[in-house]
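Below are the chains, spelled out letter by letter.
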There are 2 protein chains.
Amino acid sequence: DIVLAAAARFGKGPLAGQKVLLTAGPTREFLDPVRFISNPSTGKMGLALAEAARTMGAQVTVVLGPVGAVDRTGLEVVDVVSAEEMAREVLARVREADWFIASAAVSDWRPETRAPQKVKKGEKPEVLTLVRTPDVLAEASRLVAGGPRRPVLVGFAAETERVLEHAREKLERKGLDAIVANDVTVAGAGFGTETNQVSVLTRAGTRQDLSGTKRDVARSILELLLSLAPAPARHVPPGR
Amino acid sequence: DIVLAAAARFGKGPLAGQKVLLTAGPTREFLDPVRFISNPSTGKMGLALAEAARTMGAQVTVVLGPVGAVDRTGLEVVDVVSAEEMAREVLARVREADWFIASAAVSDWRPETRAPQKVKKGEKPEVLTLVRTPDVLAEASRLVAGGPRRPVLVGFAAETERVLEHAREKLERKGLDAIVANDVTVAGAGFGTETNQVSVLTRAGTRQDLSGTKRDVARSILELLLSLAPAPARHVPPGR
């Protein structure tokens, strides 16, 4: 840790000179000024990844959903609320990134309309019409596909059943290099916990199971990804 | 402060020997294991009231929605997630309380059904059917109406327009002694902020505007309520 921290300070470390773009936390999709659809993500896993990447020398930008007060030391943080805002901020940055790690729990739907004032109880909606939000990771993947410097693309899959199957399908459909699969029904894993238990699946077909504190799991995920990644030209900082 | 803290330690203070039941925070109404309807309440105002009541000598129970890590020193905290759970825990306790202060932002609706597994994106719901949740404060008010020791009932109204009008209507409809009205569209007031700006309306028709840190506003609300309350027999601890 001391070695890595020192490395980061002097721009060294396995991710030195590289730009890591991360999403973390939930999104909120409001139906009126005071009510929303969301999920229990607290951003802990994503922020642990951000911190681990920073310690490994990377320049880290976190596009962060609403998670309350968190430690932002050494991170560039872009605060967003909705999936649409998250997509916009990611798409504006992903072409400059060497890595894009999508750990946010993005709402898949939003209410079709957002009432300008608090809806009173007596009134409707007894039916809430939902529309799909942008798929941030799929859109980012499409944007960089075939571009001059395609970042390494890493997704997350928070599932409650057939976890590996769903994760593998997502990896392929979205054109990812790896995906971190999470069974959020397991105690001590998933939303809000201090620990996690994940399986990292790669495009090459490998699978590695990791568990521990979110901090340790974050470090292990990055080390695993680094070991898998080829060392393509895009990873050499300009000017070398 | 030192005087009040000492008072609390020795069971003295203006609320000594009294039981204060409080609700705080949001509720979450899940549509599947990982998605819910909620609101931006962080529980700060309710927990400030709990702390102020404790400092004034009260025995405080907080029925608390999901708010993450908070200081629970000296408080009995009952953790709940949904409006239904909050109603159950409140109704089990309100008949023993001398004060019931309903500061939680209870979801007014919940999804009609809760899917047992995470709903996949390809599938519905494109329409989410909502049903009303229990009105915790109205049910508590009905339960204690005409009972041997009716607690002082205090509600909160978080509004975005016609704030005082909505609050007054709520006070009367639910049979409250007072209501704390909050315009959540004002900067530095409402959800998640450290400060607040409220109007306290009473059954007697008075109105008092208060602003400051949530801690100061909490203290002022309790002092105002104490000054308004008659000193009925129910407020004398048994055995005196």
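The model shown is predicted, which means the values in this text are computed figures rather than measured ones.

**As for the interface of chain B and chain A**
Every contact between the two is made by 35 residues of chain B and, on the other side, 35 residues of chain A. Around 3300 Å² of area is buried between chain B and chain A when both sides are counted, 54% of it from carbon and sulfur atoms. Linking chain B to chain A there are four salt bridges. Between Asp108 of chain A and Arg35 of chain B there is a salt bridge, with its nearest N and O atoms 2.5 Å apart. For the pair chain B and chain A, the interface holds 15 residue pairs in polar contact (both at pLDDT 80 or more). Those elements that provide at least two residues to the side of chain B that touches chain A are strand S3 (35-38), strand S8 (127-132) and strand S9 (152-159) of chain B. Of the residues forming the side of chain B that touches chain A, the biggest block, five residues, is contributed by S8 of chain B. The residue makeup of the side of chain B that touches chain A, split by class, is 15 nonpolar, six polar and 14 charged. As paired elements, strand S3 (residues 35-38) of chain A and S3 of chain B share three bridges and run antiparallel to each other. Pairing of Ile37 of chain A across the sheet is with Ile37 of chain B, part of S3 of chain B.

**Some points on the confidence of the model for chain A**
Of the residues in chain A, 89% have a pLDDT of 70 or more, and the chain-wide mean is 89. Contacts for the low-pLDDT stretch residues 231-240 of chain A, under 50 throughout, to residues beyond four places or in other chains number 12 contacts.

**Re the sheet that holds strand S12 (residues 207-213) of chain B**
All names here are of chain B. Read from one edge of the open sheet, eight strands run S5-S4-S1-S6-S9-S10-S11-S12, paired in mixed fashion. At either margin of the open sheet sits one strand with a lone partner, and together these are strand S5 (76-79) and S12. For this sheet, the mean angle separating the axes of adjacent strands, direction not counted, is 20°. With five bridges connecting them, strand S10 (residues 178-183) and strand S11 (residues 195-202) associate as antiparallel partners. Residue pairing for S11: Ile179 is matched across the bridge by Leu201. Against the sheet, helix H5 (residues 163-173) engages S9, S10, S11 and S12, with an angle of about 155° to S10.

**Quick word on the side chain of Asp135 of chain B**
Positionally, Asp135 of chain B belongs in the loop between S8 and helix H4 (136-144). The class of Asp135 of chain B is buried, set by a relative accessible area of 15%. Looking at Asp135 of chain B, its side chain comes within polar contact range of the main-chain nitrogen of Ala138 of chain B, at 3.0 Å. Looking at Asp135 of chain B, its side chain comes within polar contact range of the side chain of Lys174 of chain B, at 3.0 Å. Not counting chain neighbours up to four residues away, the residues in contact with Asp135 of chain B comprise Lys121 of chain A together with Arg173 and Lys174 of chain B.

Conventions and cut-offs
- Residues numbered from 1 in each chain as written.
- Chains lettered and ligands numbered in written order.
- Predicted model: local features only at pLDDT ≥ 70, side-chain atom pairs only at ≥ 80, totals over all residues.
- Heavy atoms only, no water.
- Contact = heavy atoms within 4.5 Å.
- Buried area = accessible area lost by both parts, 1.4 Å probe.
- Salt bridge = Lys/Arg side-chain N within 4 Å of Asp/Glu carboxyl O.
- Polar contact = N/O pair within 3.5 Å; in protein donor to acceptor, adjacent residues only side chain to side chain.
- Helix = DSSP H or I, 4+ residues; strand = E, 2+ residues; numbered from the N terminus.
- Nonpolar A, V, L, I, M, F, W, Y, C, P; charged D, E, K, R; others polar.
- Pairing = 2+ DSSP bridges.
- pLDDT = per-residue confidence, 0-100.
- Axes fitted to C-alpha atoms, helices over the stretch in contact; angles between N-to-C directions.
- Buried < 20%, exposed > 50% of the residue type's maximum accessible area, 1.4 Å probe, protein only.

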